[in-house]
There are 6 protein chains.
Amino acid sequence: MPDKNQPKLSHYDDAGQASMVDVSAKLPTRRTATASAFVELSAAVLAVLPQNPKGDPLEVARFAGIQAAKRTSELIPMCHPLPLTHVDVQAQIEGEGVRITATAATVSPTGVEMEALTAASIAALTIYDMTKALDKGIVIRHIQLEAKTGGKSGDFAREGARA
Amino acid sequence: MPDKNQPKLSHYDDAGQASMVDVSAKLPTRRTATASAFVELSAAVLAVLPQNPKGDPLEVARFAGIQAAKRTSELIPMCHPLPLTHVDVQAQIEGEGVRITATAATVSPTGVEMEALTAASIAALTIYDMTKALDKGIVIRHIQLEAKTGGKSGDFAREGARA
Amino acid sequence: MPDKNQPKLSHYDDAGQASMVDVSAKLPTRRTATASAFVELSAAVLAVLPQNPKGDPLEVARFAGIQAAKRTSELIPMCHPLPLTHVDVQAQIEGEGVRITATAATVSPTGVEMEALTAASIAALTIYDMTKALDKGIVIRHIQLEAKTGGKSGDFAREGARA
Amino acid sequence: MPDKNQPKLSHYDDAGQASMVDVSAKLPTRRTATASAFVELSAAVLAVLPQNPKGDPLEVARFAGIQAAKRTSELIPMCHPLPLTHVDVQAQIEGEGVRITATAATVSPTGVEMEALTAASIAALTIYDMTKALDKGIVIRHIQLEAKTGGKSGDFAREGARA
Amino acid sequence: MPDKNQPKLSHYDDAGQASMVDVSAKLPTRRTATASAFVELSAAVLAVLPQNPKGDPLEVARFAGIQAAKRTSELIPMCHPLPLTHVDVQAQIEGEGVRITATAATVSPTGVEMEALTAASIAALTIYDMTKALDKGIVIRHIQLEAKTGGKSGDFAREGARA
Amino acid sequence: MPDKNQPKLSHYDDAGQASMVDVSAKLPTRRTATASAFVELSAAVLAVLPQNPKGDPLEVARFAGIQAAKRTSELIPMCHPLPLTHVDVQAQIEGEGVRITATAATVSPTGVEMEALTAASIAALTIYDMTKALDKGIVIRHIQLEAKTGGKSGDFAREGARA
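Quick caveat: nothing in here was measured; it's all calculated off a predicted structure.

Analysis parameters
- Residues numbered from 1 in each chain as written.
- Chains lettered and ligands numbered in written order.
- Predicted model: local features only at pLDDT ≥ 70, side-chain atom pairs only at ≥ 80, totals over all residues.
- Heavy atoms only, no water.
- Helix = DSSP H or I, 4+ residues; strand = E, 2+ residues; numbered from the N terminus.
- Contact = heavy atoms within 4.5 Å.
- Areas by Shrake-Rupley, 256 points an atom, 1.4 Å probe, with all protein chains shown as cover.
- Polar contact = N/O pair within 3.5 Å; in protein donor to acceptor, adjacent residues only side chain to side chain.
- Least-squares fit on C-alpha atoms with pLDDT ≥ 70 in both.
- Expected span 1.5 Å × (residues − 1).
- Buried < 20%, exposed > 50% of the residue type's maximum accessible area, 1.4 Å probe, protein only.
- 1 Å grid on protein atoms, 1.4 Å probe; cavity = no way out; pocket = protein on both sides within 12 Å on 5 of 7 lines; lining within 4 Å.
- Points joined across faces, edges and corners; volume = space filled by probe spheres on them.
- Nonpolar A, V, L, I, M, F, W, Y, C, P; charged D, E, K, R; others polar.
- Buried area = accessible area lost by both parts, 1.4 Å probe.
- Salt bridge = Lys/Arg side-chain N within 4 Å of Asp/Glu carboxyl O.
- Pairing = 2+ DSSP bridges.
- Axes fitted to C-alpha atoms, helices over the stretch in contact; angles between N-to-C directions.
- Left-handed = near helix turned anticlockwise from the far one by under 90°.
- UniProt positions renumbered as here; feature names shortened; annotations may be inferred.

Enquirer: Quick question: what am I supposed to make of the overall build of chain A here?
Expert: Summing up its helical and strand segments, chain A has 4 helices and 5 strands in all. Secondary structure elements of chain A occur, N-terminal to C-terminal, as β-α-α-α-β-β-α-β-β. Its C-alpha atoms give chain A principal-axis dimensions of about 55 × 35 × 30 Å. Counting only contacts in chain A whose residues sit at least 6 apart along the sequence, the fraction spanning at least 24 positions is 68%. As displayed, chain A has an accessible area near 5500 Å², and 53% of this comes from carbon and sulfur atoms.

Enquirer: Looking at this structure, how should I read the side chain of Arg62 of chain A?
Expert: Secondary-structure assignment places Arg62 of chain A in helix α2 (residues 57–69). At a separation of 2.6 Å, a polar atom in the side chain of Arg62 of chain A contacts the main-chain carbonyl oxygen of Val89 of chain A.

Enquirer: Would you explain the arrangement of the chains in this entry?
Expert: Considering only C-alpha positions, the minimal separation of the non-contacting chain A and chain D is 10 Å. Where chain B comes nearest to chain E, the C-alpha atoms are still 10 Å apart, and the two do not contact one another.

Enquirer: I keep staring at the relation of the copies chain B and chain F and nothing clicks. Help me out?
Expert: Between the two copies of the chain lies a rotation about an axis combined with a shift along it. Rotating chain B by 120° and moving it 0.0 Å along the rotation axis overlays it on chain F with an RMSD of 0.0 Å. In the structure described here, the two chain copies are related by an operation that fits a three-fold rotation axis. Taking C-alpha positions as the reference, the residue of chain B nearest the rotation axis is Pro83 of chain B, at 4.3 Å. Mapped onto chain F, only 6% of the interface residues of chain B again fall at the interface, so the copies present different surfaces.

Enquirer: Sorry, what's going on with helix α2 (residues 57–69) of chain F here?
Expert: Along an α-helix, residues three or four positions apart point the same way, because every turn accommodates 3.6 residues. Taking 1.5 Å per residue, 13 residues should reach 18 Å; α2 of chain F reaches 19 Å between its end C-alpha atoms and fits that length. Across the 13 residues that make up α2 of chain F, a large majority, 13, are buried.

Enquirer: What is the right way to read the environment of Glu96 of chain F from this model?
Expert: Residues and elements named next belong to chain F. Structurally, Glu96 can be placed in the loop between β2 (84–94) and β3 (97–108). The spacing of Glu96 and Leu46 is 50 residues in sequence and 7.6 Å in space, taken between C-alpha atoms. Every residue in contact with Glu96, bar those within four places of it in the chain, is listed here: Phe38, Val39, Glu40, Leu41 and Leu46.

Enquirer: How should I be thinking about empty space enclosed by the protein in this particular structure?
Expert: In this approach the atoms are scanned with a rolling probe the size of a water molecule, which exposes any empty space left behind. One pass over the full model with this rule turns up 9 cavities of 30 Å³ or more. Its boundaries defined by the atoms lining it, the largest cavity holds a volume of some 220 Å³. Contributions of two or more residues to the lining of the largest cavity are made by α3 (72–75) of chain C, α2 (57–69) of chain D, α2 (57–69) of chain E together with α3 (72–75) of chain F. Class assignment of the residues belonging to the lining of the largest cavity gives a composition of 12 nonpolar, 2 polar and 4 charged.

Enquirer: Can you help me understand the interface of chain B and chain A in this one?
Expert: Where interface size is quoted, it is often the accessible area lost as the parts come together. With 62 residues of chain B in contact, the opposing surface of chain A contributes 62 residues. Summing both partners gives a buried area of about 5300 Å² for chain B against chain A, and 62% of it is carried by carbon and sulfur. Linking chain B to chain A there are 2 salt bridges. Glu74 of chain A serves as the salt-bridge partner of Arg71 of chain B, at 2.5 Å between the closest nitrogen and oxygen. At the surface where chain B touches chain A, the tally comes to 8 residue pairs in polar contact (both at pLDDT 80 or more). When contributions to the side of chain B that touches chain A are tallied by element, the ones reaching two or more residues are α2 (57–69), α3 (72–75), α4 (113–131) and β4 (139–149) of chain B. Here the side of chain B that touches chain A is composed, by residue class, of 33 nonpolar, 16 polar and 13 charged. Strand direction decides the pairing type here: strand β4 (residues 139–149) of chain A and β4 of chain B, joined by 4 bridges, are antiparallel. By the bridge assignment, Ile140 of chain A is partnered in β4 of chain B with Ile143 of chain B.

Enquirer: What is the right way to read the interface of chain B and chain F from this model?
Expert: Opposite the 17 residues of chain B that make contact, chain F presents 19 residues. When chain B packs against chain F, close to 1400 Å² is buried across both sides, 50% of that on carbon and sulfur atoms. Among the residues of chain B in contact with chain F, Met20, Ser24 and Glu74 of chain B are the three that bury the most area, contributing 37% of the side total. On inspection of chain B and its partner chain F, the count reaches 2 salt bridges. The interface formed by chain B and chain F holds 13 residue pairs in polar contact (both at pLDDT 80 or more) in total. A class-by-class count of the residues in the side of chain B that touches chain F yields 10 nonpolar, 5 polar and 2 charged.

Enquirer: Hey, could you run me through the packing of α2 of chain B against α4 of chain B in this one?
Expert: Packed helices, taken two at a time, are described by the angle between their axes plus the distance between the axes. All names here are of chain B. Viewed as axis vectors pointing N to C, α2 and α4 meet at an angle of 145°, and their least axial separation amounts to 7 Å. The hand of the α2/α4 crossing is right-handed. For the pair formed by α2 and α4, the contact residues are Pro57, Leu58, Val60, Ala61, Ala64, Gly65, Ala68 and Ala69 on the first element and Glu115, Thr118, Ala119, Ile122, Ala123, Thr126, Ile127 and Met130 on the second. Considering only residue class, the contact of α2 with α4 consists of 12 nonpolar, 3 polar and 1 charged.

Enquirer: Sorry if this is basic, but what is going on with the UniProt feature "binding site: substrate" (unreviewed entry) in chain A here?
Expert: With numbering matched to this structure, UniProt assigns "binding site: substrate" (unreviewed entry) to Met78, Cys79, His80, Met114 and Glu115 of chain A. Over a stretch of 38 residues, the named residues converge on one spot in the fold, their C-alpha atoms separated by at most 12.5 Å. Structurally, Met78 of chain A can be placed in the loop between α3 (72–75) and β2 (84–94). Met78 of chain A has contacts with His11, Ala18, Ser19 and Met20 of chain A, Val60, Asp129 and Met130 of chain B together with Phe63, Ile66 and Lys70 of chain C, leaving out every residue within four places of it along the chain. With respect to the secondary-structure elements, Met114 of chain A resides in helix α4 (residues 113–131). With residues up to four places along the chain from it excluded, the contact list for Met114 of chain A reads Thr72, Ile76 and Cys79 of chain A together with Leu125, Tyr128, Asp129 and Lys132 of chain B.

Enquirer: I tried to follow the pattern of salt bridges on my own but got confused; where do I start?
Expert: Side chains that differ in sign of charge can pair as their charged atoms come close. Residues and elements named next belong to chain B. In total, this model carries 54 salt bridges over all chains according to the counting rule given. In this structure, the salt-bridge partner of Arg62 is Glu59, at a minimum N-O distance of 3.1 Å. With a gap of 3 residues between them, Arg62 and Glu59 both fall in helix α2, about one helical turn apart. Note on Glu59: relative accessible area 10%, which makes it buried.

Enquirer: Which parts of the structure should I look at to understand the environment of Pro28 of chain D?
Expert: Residues and elements named next belong to chain D. Residue position: Pro28 is located in the segment before β1 (29–40). With relative accessibility at 49%, the residue Pro28 sits in the partly exposed group. When the C-alpha atoms of Pro28 and Glu40 are compared, they prove to be 38 Å apart, with 12 residues separating the residues in sequence. Apart from residues lying up to four places away in sequence, Pro28 is in contact with Val107, Ser108 and Pro109.

Enquirer: How should the relation of the copies chain B and chain A be read in this particular structure?
Expert: For the pair chain B and chain A, the relating rotation is 180°, the translation along its axis is 0.0 Å, and the fit reaches an RMSD of 0.0 Å. What we have between these two chains is a two-fold relation. Residue His142 of chain B, judged by its C-alpha, is the member of chain B lying nearest the rotation axis, at 2.7 Å. The fraction of interface residues of chain B whose copies in chain A are also interface residues reaches 98%, indicating that both copies meet through the same surface.

Enquirer: Looking at this structure, I do not really get the pairing of strand β1 (residues 29–40) of chain A. What am I missing?
Expert: All names here are of chain A. Counting buried positions over the 12 residues of β1 gives 9, a clear majority of the element. Alignment of β1 against strand β3 (residues 97–108), held across 12 bridges, turns out to be antiparallel. In the strand pairing of β3, Glu40 is matched with Gly97. Where β1 meets β4, 9 bridges bridge the pair, whose relative direction is antiparallel. The residue bridging Thr32 from the neighbouring strand is Thr149, located in β4.

This is the structure in structure tokens:
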């Protein structure tokens, strides 16, 4: 039995049981979230990446991320289905890999962190899928929340240098 | 126009255009893949994690990962739909976080790397979702292929220390 | 041609044709529904059920039910897609089987009976799936609405003993 | 820790942990399963049911059941995705309600009991959805496997009177 | 780089990059759209079509269209997920084929043209699927928007004779 | 009751009832299908279409079509779920619009006409979605099968000029 004075996990009730939190009584407000991912690639892959002008892999990744954001509540068990009002995913070569930045917005009683993180993750996996023939050692180096606005817990912006 | 002597990205034809590779002529053979992810958590979260015996968040993550593996071809644009013959996801506390290990298998003309990686990613995102109320700075520290067997490109095992 | 003075089925227009009812003019209000299911199991299965502490089948059933509630409008042809604000599923051994109780809530122009019933049904089927190796004669003994609140047709609570 | 001499639940390994069973080494063979459900309706509903010739609710239920069979592995966590070779759902008025009979077939290493049961359940819920305006007390009286053929565990046919 | 004075495609920003438009600041209002499709059939198919009283193919097409409308945002990359408040699909023999008319409505910050067009398209493809054994030359002769109401761009009604 | 000597619709049994045809006894063989669609656009839209180098709308349409092919059996009620071995979609400006050509292949007991037609339809609808702000009168001028190979009914190639 969890100690009620201790901080509690998200989605857990006082009996230590997971459920989808009841947000019926919360008013819908505007919320945004931005997440990032970084796909570390070898020099050989980085050289080939820009040479497909008619089917840019960074574009495929962007669309996969946008599509995935809409499926978040099907994938993450305790997520509420949300009317997303905006999704954008950027993917660009930066240093030794591809940086993904995904933004989601809604007007709803709950936040969109998981939507932004899911978009970034699936976009990163798509980059992986399209480059894996050239390098099996590719690593998705991090996936993290960069910022969020709106909601009871207030705004958040990751401090300092990126991971 | 890509140079035909250069190595090519996966899913790209000679005209530099992405499509789902034609595997009609390949015979189905057994293939497996194992992927891992690591969710870095603060000491405060690690202390609370085991205190929910009736709805263990590591179990929720395992099931979310198993379910996600089956949706891989819906999420990753160029992935073929595959008859998965096995999916397993393990999640355990290790050092300063939770290590996820996902395994997928099929008897099919193409591999299951993306299925294992998708399972690991969604399991990691589920851990994130259930702990985010306690720590907004959580980082999914890596997602990577650990091993694969079967297929024309042969077996693969990541060398050296884990990322 | 149906008699207009007779009571009409849900989702049917005056011409006797099924469609998704137009709720554009109805204001969103809070609605809840609770449904139950009972999975009758043999003594042999009931003895084995609690012996899987690391992957409690009742927990797997709970998560499957929560996930299924979100897919209700994909499964039931005339159901509207709804922004669910809460889903909870309980599963416990009771007498000669497992009792499932599923609750759903929304703030929307239509009710959530089907979401609660779908969650209870899929949770019950999941119990079935995990015990079927031990007993092929398992019966899901009933699926029924226990209570609903909100909406024009008013509150409802099933009377008398449970089925 | 479960006793290894005791019978084990489906989908559980020796450590008492649920996963999707590995069927990679099993050969695909033909398998069929038939499941039934019974939706108990009041006399008032039974009188109205046949009066919608242009959108027969029994037909809507049949199609919903056929569609749901194809989604079984998305709904039931440990089910393998299967290439279904046949699905049929029958729905007819019988005694004090509607009897649903669903049949599924595949050529695959695992059985289709859950596909038949899911088809029957969703068809029954669809009948419920289309009649609920007339009677909130409707009960889905049973959902059960009637017969299966193929696979290592052999054929099965439910004995005696139907539930 | 696109000329900013030129008209812009939907879903494109000033940098010529596609994303899901941000509608967070727009108020939800009632919007409707009606789309049509025409499936041209041979005389032989038209003769057989009405002879299936127990499973009218026009009814199967209607239900497929209604179900598809709810999946629009999964299929069309830049579409927002919308709480549909109404979907109706009509299918009737007219001249040398089957005319489909699909209507969708919502109370939301964006329109439902794509939902109506998707419903009409999938209903037409379903007619195709059920008649293709008799005639491989079937053509879906047009899919077009007939009318829309609500939203900033105002009402629209297609003029003149239907395509 | 249909006349048994008359030609029968696809998916219909002797009692005139629709179901998913039983293909359990048919051996898997290679099958391909090619479908086309034509989206008629105004001169104003055709002028703007090529001006988005970083997010080519023809590329978005191609990916949407490829993704949709994999969802065919979820959308078209009587379609079998198939292990697609290849999907490709081409989209190019031709005359007064955009011509879509979609190809699908499988090794399976049933054909892939519906997969090719669904891919072409959703790609065409995506072009519509991205250009609709400039012209509400856009018409998808035809959707049709161009060719198929494999299967009992033999090869097919549309004769004469394209529609």
